[in-house]
Amino acid sequence: MLGVLVVQVAVATKVDAAVFAIAAFFVLVGAIGVVVARNPVHAALMLVMTLFGVAVLFVEQQANFLAAAQVIVYAGAIVVLFLFVIMFLGVDRRENIAFEPLRAQRPLAVGLVASSLAGLLLLGVAAHWSVGAHSVAGQLRGQPGGDVAALGRAVFTTYLFPFEATAALLVIAVVGAVVLARRPPQARRPDREQAAAPGGDGPPGDRTAGDVVGDPMDALAQAVANAVASGLVSLPEDLPEGQRQEEPVGESAAP
Amino acid sequence: MSLSGNWYLALSAVLFAIGAFGLLVRRNVLVMFMCVELMLNAANLTLVTFARMLNDIGGQALVFFVLVVAAAEVVVGLGIVVAIFRRRSGEGTTADDLHIMKG
């Protein structure tokens, strides 16, 4: 098996082999760093290293657009999101990796991963991978405009329906993230009643970023309600009854 | 002439194995998510390699969609993590802390 690989390397140019070796080194070091890093922030930075290495390997294989998208989407957006959540939850401290409550977990993991990796590599050596129909969705090489134009033509013609479906998926993900990040509405009720009382500052232990913004707005809504009740101001008559008090509170929940 | 695809396939198999190992071994939810990203990247590298070997743009188009799905998955997953650990008024973010449904 190694002999075949060595012969194939001899055919390839030295530059390609050097680029692959360096990028593979960074990919593997970064991946191992993600697994063994005690600090989640360090794990995220190691993940950036792996993603850059994979982007270099994409460029090496005529996937220029995907390399750019990899850097922008993964290293630019996803890792930043990871770091944001790590900082937001305040878990950027070292953890004890040696602690493992399930005694059989690590030996089982080692055995499972090692056996499946060995099986994969053996399968790769034994089988000829270049099977199947060539160029079903269009040729990769020799197209006008290179691989970027070829990818654009494929995505907007052959894969147009999946492309539209991913647009819907992104909208659903955004809506889901907003719904998940909202505070539950029943948790707001006690806050609002206590805001009018002197010294009432919400229940302790439930302090989030929403509280800091929400409390003055709740106090404002309460003051408006008190003013309406004492006849100082009058709200427009065409509003339904329930909407008068709910509206300022609902707006304060938006961010 | 570029390097043989076998090297890329072997590298992505090793990368996938490291990600799977980390997912099984680590207890921090965020690091487990990062290991899932490693496995997704290994699959992407495999797809790009096959696209080159078969001279077919379909593999690269599939990687494009995997990127989009991975972004959506991370957004929703981290939203769930934040919702859980804000509701529990945060100790650690280890998976062992989530024993609320234990009988």
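Residues numbered from 1 in each chain as written. Chains lettered and ligands numbered in written order. Predicted model: local features only at pLDDT ≥ 70, side-chain atom pairs only at ≥ 80, totals over all residues. Heavy atoms only, no water.

A. Seen up close, the overall build of chain A. Counting its secondary structure elements, chain A contains 10 helices and 0 strands. The helix and strand sequence of chain A, counted from the amino end, reads α-α-α-α-α-α-α-α-α-α. By the burial criterion, 29% of the 255 residues in chain A qualify as buried. Considering only residue pairs separated by 6 or more positions, chain A has 52% of its internal contacts joining residues 24 or more positions apart. (Helix = DSSP H or I, 4+ residues; strand = E, 2+ residues; numbered from the N terminus. Buried < 20%, exposed > 50% of the residue type's maximum accessible area, 1.4 Å probe, protein only. Contact = heavy atoms within 4.5 Å.)

B. Representation of the overall build of chain B. For chain B, the count of helices and strands is 3 helices and 0 strands. Overall, chain B shows an N-to-C arrangement of helices and strands of α-α-α. Residue burial in chain B is summarised as follows: out of 103 residues, 60% are buried. Taking all contacts inside chain B whose residues are at least 6 apart in sequence as the whole, residues at least 24 apart take part in 61%. Taken as a whole, chain B presents about 3700 Å² of accessible surface, with 73% of it coming from carbon and sulfur. (Areas by Shrake-Rupley, 256 points an atom, 1.4 Å probe, with all protein chains shown as cover.)

C. How the structure looks around the nonpolar core. Membership of the largest hydrophobic core comes to 63 residues, with the highest contact counts inside it found for L47(A), L57(A), F58(A), L66(A), F82(A) and M34(B). Those elements that place two or more of their residues in this core are α2 (14-36), α3 (40-60), α4 (64-89) and α6 (146-158) of chain A together with α1 (5-25), α2 (29-54) and α3 (58-87) of chain B. In terms of residue count, the dominant contributor to this core is α3(B) (12 residues). Three or more residues apiece are contributed to this core by two domains, here domain 1 (9-95) and domain 2 (147-181) of chain A. Other than its neighbours up to four places away in sequence, M34(B) contacts V34(A), P40(A), A43(A), A44(A), L47(A), F82(A) and I86(A). V113(A), A13(B), A20(B) and M39(B) belong to the second-largest nonpolar core, a separate cluster that totals 6 residues. (Core = buried A, V, L, I, M, F, W, Y, C linked by side-chain atoms within 4.5 Å. Domains from an automatic or database assignment.)

D. Expanded view of unusual backbone geometry. For Q62(A), which is not glycine, the phi torsion reads 60° and is therefore positive. Structurally, the position occupied by Q62(A) is in the loop between α3 and α4. In this structure Q62(A) comes out as partly exposed when scored by relative accessible area, which is 28%. The residue N55(B) is not glycine, and still its phi comes out positive at about 55°. Topologically, N55(B) is positioned in the loop between α2 and α3.

E. Here's a closer look at the interface of chain B and chain A. In this complex, chain B contributes 72 residues to the contact, which on the side of chain A involves 91 residues. Around 7300 Å² of area is buried between chain B and chain A when both sides are counted, 74% of it from carbon and sulfur atoms. Of all residues in chain B, M34(B), I57(B) and R86(B) give up the largest surface area on contact with chain A, accounting jointly for 10% of the area buried on that side. The tally of links from chain B across to chain A stands at 0 salt bridges. Summed over the shared surface of chain B and chain A, the number is 8 residue pairs in polar contact (both at pLDDT 80 or more). When residues of the side of chain B that touches chain A are traced back to their parent elements, those giving at least two are α1, α2 and α3 of chain B. When residues in the side of chain B that touches chain A are grouped by element, the largest group, 24 residues, is from α3(B). Of the residues that constitute the side of chain B that touches chain A, the class distribution is 49 nonpolar, 14 polar and 9 charged. (Buried area = accessible area lost by both parts, 1.4 Å probe. Salt bridge = Lys/Arg side-chain N within 4 Å of Asp/Glu carboxyl O. Polar contact = N/O pair within 3.5 Å; in protein donor to acceptor, adjacent residues only side chain to side chain. Nonpolar A, V, L, I, M, F, W, Y, C, P; charged D, E, K, R; others polar.)

F. Quick peek at the packing of aromatic side chains. Residues and elements named next belong to chain A. Inspection of every chain in the model, using the stated rule, returns 10 aromatic pairs over all chains. Ring centres of F156 and F163 lie 4.8 Å apart, and the angle between their planes is 65°; this geometry places the pair in the edge-to-face category. A residue is classified by how much of its surface remains accessible, and F156, at 48% relative accessible area, is partly exposed. (Phe/Tyr/Trp six-rings, centres within 6.5 Å; stacked < 30°, edge-to-face > 60°.)

G. Broad picture of α3(A). All names here are of chain A. End to end, α3 covers 30 Å across 21 residues, agreeing with the expected 30 Å (1.5 Å per residue, within 8%). A side-chain oxygen of the first residue of α3 lies 3.1 Å from the backbone nitrogen of V41; this N-cap is N39. Q62 sits one or two residues past α3 and shows a positive phi near 60°. (Expected span 1.5 Å × (residues − 1).)

H. Geometry of α2(B). All names here are of chain B. Its 26 residues give α2 an end-to-end C-alpha distance of 38 Å, which sits within 8% of 38 Å, the value for a rise of 1.5 Å per residue. If you check the start of α2, you find a side-chain oxygen 3.0 Å away from the backbone N of L30, and it comes from N28. A positive phi of about 55° marks N55, the residue just after α2.

I. Representation of the confidence of the model for chain B in the model. Per-residue confidence for chain B averages 86 on the pLDDT scale, and 93% of its residues sit at or above 70. Looking over chain B, one finds the lowest element-wise mean pLDDT in α3(B), namely 89, and the highest in α2(B), namely 92. (pLDDT = per-residue confidence, 0-100.)

J. The arrangement of the side chain of T49(B) in detail. Counting through the fold element by element, T49(B) comes out in helix α2. Using a relative accessible area of 0% as the deciding quantity, one classes T49(B) as buried. Ignoring anything within four residues of it in the chain, the contact list for T49(B) reads Q61(A), G5(B), Y8(B) and L9(B).

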